[in-house]
Amino acid sequence: MSQQLPLISHLLELRNKLLRAIGSVLLVFICLVYWANDIYHYMAIPLMQSLPETSSMIATDVAAPFFAPFKLTLVLSFFLAIPYVLYQAWSFVAPGLYKHEKRLVTPLLVSSTLLFYSGILFAYYIVFPVVFGFFTSVAPEGVTVATDISSYLSFILKLFFAFGLAFEIPVAVVLMCWAGVTTPEELKQKRPYIVVGAFVVGMMLTPPDIISQTMLAIPMLILFEGGLLAAKLYTPKDDTDSEESESERTDS
């Protein structure tokens, strides 16, 4: 029975953390839902600027004019609440971490959040105008480009997640080097393969033109080099680290 009590208390704590995280997303959503249509209009600007003057976006589903802005606002609420969601995850696992692990996790949480936001902003302000300009320019003669609002929403959300995750490369590099999976020296030796991989990813996520592919590949390579520099500040866990006493753990 004594062994079950700690498990139950941990489950209750996990439930509370999840409820707080979900509550933060709902709170942000409630604050933004009034401007749902305005938010969708702002997200549609890159496409609208690329469409011919006689064309516009359309809604092929009856409920799409309501659900598309609603869904976008909900996803945006999650993006904005990410810092607090990550804080709840951090506060749950923090009591089980050693001091040297806590010193690593805090800057990684901050940097991963900023990098994710940077990827989204890069996609919206840099990539979208090029991508939509390319798609609208290659339309066959006599074809009027009129994108469905639900299809557009699915497309931009995929790109937001793709670029947001792609910009997490420095965090992934630091974690792999810190955990001892690899070293900065080994990654430097594999740089030619990483360069090819970056352009392959750029080809998969962007239209088939060299300009947009390069616009994604180059930032990924720059972030990779930044991750190598940051990884030098962290070394794999020594044997002495694993022998730290329980007294080094601090209360949550």
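What you see is a predicted model, and the numbers here were worked out from it, not measured in a lab. (Residues numbered from 1 in each chain as written. Predicted model: local features only at pLDDT ≥ 70, side-chain atom pairs only at ≥ 80, totals over all residues. Heavy atoms only, no water.)

1. Examining the overall build of the chain
To keep things clear, this is the line we draw: Comment: elements are numbered from the N terminus, with helices defined as DSSP H or I runs of at least four residues and strands as E runs of at least two. Remark: exposure states derive from per-residue accessible area (1.4 Å probe, protein chains only) relative to the maximum for the residue type, with buried under 20%, exposed over 50%, and partly exposed in between. We call two residues in contact whenever any of their non-hydrogen atoms come within 4.5 Å of each other. In these tables, accessible area is a Shrake-Rupley quantity obtained with a 1.4 Å probe, and a residue counts as shielded only by the protein chains included in the view.
Looking only at helices and strands, the chain has 10 helices and 0 strands in total. Start at the N end of the chain and walk to the C end: the helices and strands fall as α-α-α-α-α-α-α-α-α-α. Per-residue burial over the chain gives 38% buried out of 252 residues. If you take every contact in the chain between residues at least 6 apart in sequence, the share linking residues at least 24 apart comes to 84%. For the chain, the computed accessible surface area is about 14900 Å², with 69% contributed by carbon and sulfur atoms.

2. Here we look at the pattern of salt bridges
Think of it this way: side chains of opposite charge can pair up when their charged atoms draw near. As a reminder of what qualifies: Every case where a carboxyl oxygen of Asp or Glu lies within 4 Å of a side-chain nitrogen of Lys or Arg is listed as a salt bridge.
According to the stated counting rule, one finds 1 salt bridge in the structure shown. One salt bridge in this structure joins arginine 191 and glutamate 225, with 2.8 Å as the shortest N-O distance. Of the two residues, arginine 191 is situated in helix α8 (residues 191–205) and glutamate 225 in helix α9 (residues 210–231); the sequence distance between them amounts to 34 residues.

3. Some points on helix α6 (residues 169–178)
With 7 of 10 residues buried, α6 lies mostly within the body of the structure. Along α6, the positions that sit buried rather than exposed are Ile169, Pro170, Val171, Val173, Val174, Cys177 and Trp178. Positioned one or two residues after α6, glycine 180 has a phi angle of 85°, which is positive.

4. Some remarks on the nonpolar core
It is characteristic of soluble globular proteins that their nonpolar side chains tend to be buried jointly. As a reminder, the rule being used: Definition used in this section: a nonpolar core is a set of buried Ala, Val, Leu, Ile, Met, Phe, Trp, Tyr and Cys residues joined via side-chain atoms within 4.5 Å.
Judged by nonpolar contacts, the single largest core of 54 residues is most densely connected at Tyr40 and Phe160. Of all the elements in the fold, those that place two or more residues in this core are α2 (36–48), α3 (64–93), α4 (99–137), α5 (149–166), α6 and α9. Counting residues per element, this core draws most heavily on α4, which supplies 12 residues. Those residues in contact with phenylalanine 160 that sit more than four places away from it in its chain are Met43, Phe79, Ile120, Ala123, Tyr124 and Phe128.

5. Let's talk about the environment of alanine 36
Note that alanine 36 resides in helix α2. For alanine 36, a relative accessible area of 8% gives the class buried. Residues alanine 36 and proline 69, spaced 33 residues apart in sequence, show a C-alpha to C-alpha distance of 5.2 Å. In this structure alanine 36 touches Pro69 and Thr73, once residues within four positions along its chain are discounted.

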